[in-house]
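Chains, contacts and geometry: an overview
Here's the letter readout for the chains.
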Amino acid sequence: MQRLPRFKYLGPGSLDEALSLLKKHDGDIKILAGGTDLLPSMKQKLHRSMHVLDLKRIDGLREIKNGLEKETDIGALTPLAAIEESAEIKKKFPALAEAAGLVAAPQIKNMGTIGGNIALDTRCWYFNQSHFWRKSIEACLKTGGEVCHVVQSGKRCYASFVADTVPALLALNARVRIRDLEGERQCLLQQIYTQDGKAPHTLKAGQVITGVTLPPPENQSGSSYQKLRLREAISFPLAGAAAHVVLDGDRFREVKIVLGAAGSGPIEVTEAAALLKGAPITEDLIEEAASKARQAARPVPNMKLSPAYRRKMAGILAKRALREAIRRAKGLTDDQRGLIQ
Ligand SMILES: Cc1cc2nc3c(=O)[nH]c(=O)nc-3n(C[C@H](O)[C@H](O)[C@H](O)COP(=O)(O)OP(=O)(O)OC[C@H]3O[C@@H](n4cnc5c(N)ncnc54)[C@H](O)[C@@H]3O)c2cc1C
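Model, not experiment: these values are computed from the prediction. Throughout this description, residue numbers start from 1 for each chain and increase along the sequence as written. Per-residue local features are limited, in this predicted model, to residues with pLDDT of at least 70; the limit for side-chain atom pairs, both in listing and counting, is 80 or more; totals at the level of whole chains, interfaces and linings are taken over all residues. Side-chain numbers come from the whole structure's heavy atoms, not from hydrogens or water.

On to the overall build of the protein. When its secondary structure is counted, the protein shows twelve helices and twelve strands. In terms of overall dimensions, the protein has C-alpha extents of about 60 × 45 × 35 Å along its principal axes. Out of the 341 residues belonging to the protein, those deemed buried represent 51%. Put simply, of all contacts in the protein between residues at least 6 apart along the chain, 62% involve residues at least 24 apart. Split by element, the accessible area of the protein, about 16100 Å² in all, is 50% carbon and sulfur. Counting rule for charge: Lys and Arg are taken as positive, Asp and Glu as negative, and neither His nor the chain ends is counted. Just so you know, the charge point we use is NZ for Lys, CZ for Arg, CG for Asp and CD for Glu. Taken together, the 51 basic and 37 acidic charged side chains of the protein have centroids lying 7 Å from each other. Each helix corresponds to a stretch of at least 4 residues labelled H or I by DSSP, and each strand to a stretch of at least 2 residues labelled E; elements are numbered beginning at the N terminus. Throughout this description, buried means an accessible area under 20% of the type-specific maximum (1.4 Å probe, protein chains only), exposed means over 50%, and partly exposed covers the range between. Residue contacts are counted whenever heavy atoms from the two residues lie within 4.5 Å of one another. Throughout, the Shrake-Rupley method with a 1.4 Å probe supplies accessible areas, and for residues the shown protein chains are the sole cover considered.

Here we take up the sheet that holds strand β3 (residues 51-54). Strand order in the open sheet made by the three strands is β1-β3-β2, with parallel pairing throughout. Edge positions in the sheet fall to β1 (8-10) and β2 (29-32), since each has one partner strand and no second. Sheet twist, expressed as the mean angle between neighbouring strand axes with direction ignored, is 25°. The rule for pairing is simple: two strands pair if DSSP sees at least two bridges between them. Note: β1 against β3, three bridges, orientation parallel. Note on β3: the bridge partner recorded for L10 is L53. Angles run from 0 to 180 degrees between N-to-C directions of axes, and those axes are lines fitted to C-alpha atoms, restricted for helices to the stretch in contact.

Another point: the site of the ligand. Any residue with a heavy atom lying within 4 Å of a molecule or strand is counted as near it. Close to the ligand lie 32 residues; I31, G34, T36, L38 and T113 are nearest. Take A104: an N or O atom from its main chain is 3.2 Å from an oxygen atom of the ligand. Polar contact criterion, stated in full: a pair of N or O atoms within 3.5 Å, where within protein one must be able to donate a hydrogen and the other to accept it, and residues adjacent in sequence count only if both atoms are side-chain atoms. In the environment of the ligand, a nitrogen atom lies 2.8 Å from a nitrogen or oxygen atom belonging to the backbone of I209. Burial of the ligand by the protein chains amounts to 92% of its free accessible area of 980 Å². Within the residue set of the shell around the ligand, elements represented by two or more residues are β2, α7 (114-118) and β8 (208-214). Residues are grouped as follows: Ala, Val, Leu, Ile, Met, Phe, Trp, Tyr, Cys and Pro are nonpolar; Asp, Glu, Lys and Arg are charged; all remaining types, including Gly, are polar. Residue composition of the shell around the ligand, by class: 19 nonpolar, nine polar and four charged. Each domain's limits were defined by an automated method or a database of domain assignments. Both domains that furnish three or more residues to the shell around the ligand are identified here as domain 1 (1-58) and domain 2 (221-339).

Put into C-alpha cells, the structure is as follows:
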C-alpha cells in the first residue's frame, strides 16, 4: 500500500492569507484543490512538500457567473461535474461541457476542479509509477536526471499533456486569471503552456489560478471536444481534439482546432485554421484540415497505444470535432448531420 508522506495541512480562509502562506513556505508547499491528482502523486513521492495549502475554504472561487460584456467567469474551484452539468456552459460552450464530462469518472469529476485541470502535470509511463518502481531505473529528466527513457537522445522531457478541458478552453479563446501578492493579472490561457513536459506551465510557486473567463459565443458559432480513451470511464486521453468554428452562411469565418495528448502541451493546429478561414464548407476541406491536425500531432511512446495510431486518431478526432462544431453552428439536429455542407 502506498501511504501519503507526512505534511502540514494549511487551510486558509481567504486568498490573501493563502498568498502569504505560499510566500512564507516558498518552495516547500503545494496547492490542493480537489486533490484528485496531487494526492495520488504525493503517494507516489512525485512531490515532496512539507506543506499542503487547501483552497477549499476560500469563498468566491467556486461559481460560474456572467462577467462584464456577458463574458462567462468560471471560478478555479468549480468542480468538473458542475461544468459538465451547467445549462449555460452546455448551451454556450458545448466543447467545454463535453471535455469536463469526459474526464475520468463521476467521483473524480465531483472532486476535481477546473483550476486543477488547467495546472495538471504531464504524464509518462516512466514517471507516474511508485517510488519503488522508479528506483529501479535511472532518474529521467522529469525526476531530475539527465536521460529521457522515451526519446533516447531527447534534450527535453516528452511527458504528455493530458488535461481534457484545456484544448476546449483554448479553442474557445479562454483567458486565465492568476493572483499573486502583486495582484491579479489575466492572459490568454495558451500563454501559460511551455511544451516542455518537465515544467508544462509557467505558473510560479506563489501564484494561484483564480478562474477562467470565456468571451461570449458569436452568432453562427459552435464547438466540440472529442477524446480517444481505452475505457468509457477512468481513462486519461490518448488523443483529444477541440474545434470551435464561427460561420458566415456556408463559409468558415473563424476556426480554431486544438489537440490534447499529442505532445507535451496543447497543440493549436494553425495550418488548419489558415486553410479554412474564409473558405466554403466542403468535405474535401474538412478532410484536408484533419490531415493537418494529424501532421501537427507529435505523440511519443509513453502511454498506451502506438504513437502512429494516436497520431492517426488525432486527425480523425479533429475531423469529428470540426463536423460537430459546424452542425452546432448551423443549428442542425443530430439527424441532420449529413447536411453540414
Ligand atoms: C484515476 C484518475 C483518472 C483521471 N482521468 C483524467 C482524465 O481523463 N482527464 C483529465 O484531464 N484528468 C484526469 N485525471 C486528473 C485529475 O483528476 C483532473 O485533472 C482534475 O481536474 C484535477 O483537479 P483537482 O482539483 O483534483 O487538482 P489537484 O489534484 O488538487 O491539483 C492538481 C495540480 O494543480 C495545482 N493546482 C490546483 N488548483 C490550483 C490553482 N487554483 N492554482 C494553481 N495551482 C493549482 C496543484 O498544486 C497540483 O499541482 C484523473 C485522475 C485520476 C486519479
